[in-house]
Amino acid sequence: SRGVSSSASMTEAMEIAVYLVSGERLTIVNVTPATTGAMMKAEIQAGLATGHVQALLLGTKSIDEAMKVSDLDLVSGGMLQAVIAKVDPALAGRYVLRAECSPPEMG
C-alpha cells in the first residue's frame, strides 16, 4: 500500500530542484524529511555568488524556516522556487547612508 512505502522512505534523501522565479534553474538540494527550511536556505545561499535567499516557495506557499520537508508535500524530483534579493540585508543600511552623504566638494 502507499502508506507503507511512504513511511519506509522517511529517512531517504531526495533531490529537489530549486528555480528562480524567472524559471531559470538555480541548483539542486539534497534533503531528507528532517531537513528544515532554514537548512535548505543555507545550502542555496552557500552556492550563490551574490545576493541573499529572501524566501523559498512551494507553489504559492512560503516555506517557513522551521518547517521540515516532512511537513511539506515534496517528493524526490520536486521543485521549489527561491526568491533572491540582490543586496544582502546586512549591507543595505550602508548603501542608504552612503547615498545620503554630501559630496566632498560642491562645485
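Residues numbered from 1 in each chain as written. Predicted model: local features only at pLDDT ≥ 70, side-chain atom pairs only at ≥ 80, totals over all residues. Heavy atoms only, no water.

Chemist: I would appreciate a short explanation of the environment of L48 in the present structure.
Modeler: Residue placement: L48 occurs in the loop between α2 (37–46) and β3 (52–58). Separated by 36 residues in the primary sequence, L48 and I84 place their C-alpha atoms 9.4 Å from one another. Ignoring anything within four residues of it in the chain, the contact list for L48 reads L26, V53 and I84. (Helix = DSSP H or I, 4+ residues; strand = E, 2+ residues; numbered from the N terminus. Contact = heavy atoms within 4.5 Å.)

Chemist: Help me understand the nonpolar core, please; the structure alone is not making it clear to me.
Modeler: A general tendency of soluble globular proteins is for nonpolar side chains to be buried together. Ranked by size, the top nonpolar core spans 16 residues in total, and within it I16, V31, M40 and L56 carry the most contacts. Counting only elements with at least two residues in this core, the list comes to β1 (14–20), β2 (25–31), α2, β3 and β5 (79–85). Counting residues per element, this core draws most heavily on β1, which supplies three residues. (Core = buried A, V, L, I, M, F, W, Y, C linked by side-chain atoms within 4.5 Å. Buried < 20%, exposed > 50% of the residue type's maximum accessible area, 1.4 Å probe, protein only.)

Chemist: It is not clear to me how the side chain of T36 should be interpreted in this structure. Could you clarify?
Modeler: Mapped onto the elements of the fold, T36 is located in the loop between β2 and α2. Judged by its relative accessible area of 15%, T36 falls in the buried class. In this structure T36 touches E65, A66, M67 and K68, once residues within four positions along its chain are discounted.

Chemist: Honestly, the environment of I44 in this entry has me stumped. Any pointers?
Modeler: Relative to the elements of secondary structure, I44 occurs in helix α2. The buried category is assigned to I44, whose relative accessible area is 2%. The contact partners of I44, leaving out residues within four places of it in the chain, are V18, L26, T27, V29, V53 and L56.

Chemist: For this particular structure, what's the right way to read α2?
Modeler: Note on helix geometry: an α-helix contains 3.6 residues per turn, so any two residues three or four positions apart are oriented the same way. Buried within α2 we find G37, M40, K41 and I44. Each buried residue of α2 lies within a common arc of 100 degrees when the element is viewed along its axis, so the set occupies one face. Contact partners of the buried residues in α2: β1, β2, β3 and β5. (Arc of directions from axis to C-beta.)

Chemist: For this particular structure, what's the right way to read the pattern of salt bridges?
Modeler: Two side chains carrying opposite charge are able to pair once their charged atoms lie near each other. Summed over the entire model, instances satisfying the criterion amount to one salt bridge. The salt bridge partner of K41 is E65, with a shortest N-O separation of 3.2 Å. Remark: E65 occurs in the loop between β4 (61–62) and β5 and K41 occurs in helix α2; sequence separation between them is 24 residues. Under the relative-accessibility criterion, K41 is labelled buried at 14%. (Salt bridge = Lys/Arg side-chain N within 4 Å of Asp/Glu carboxyl O.)

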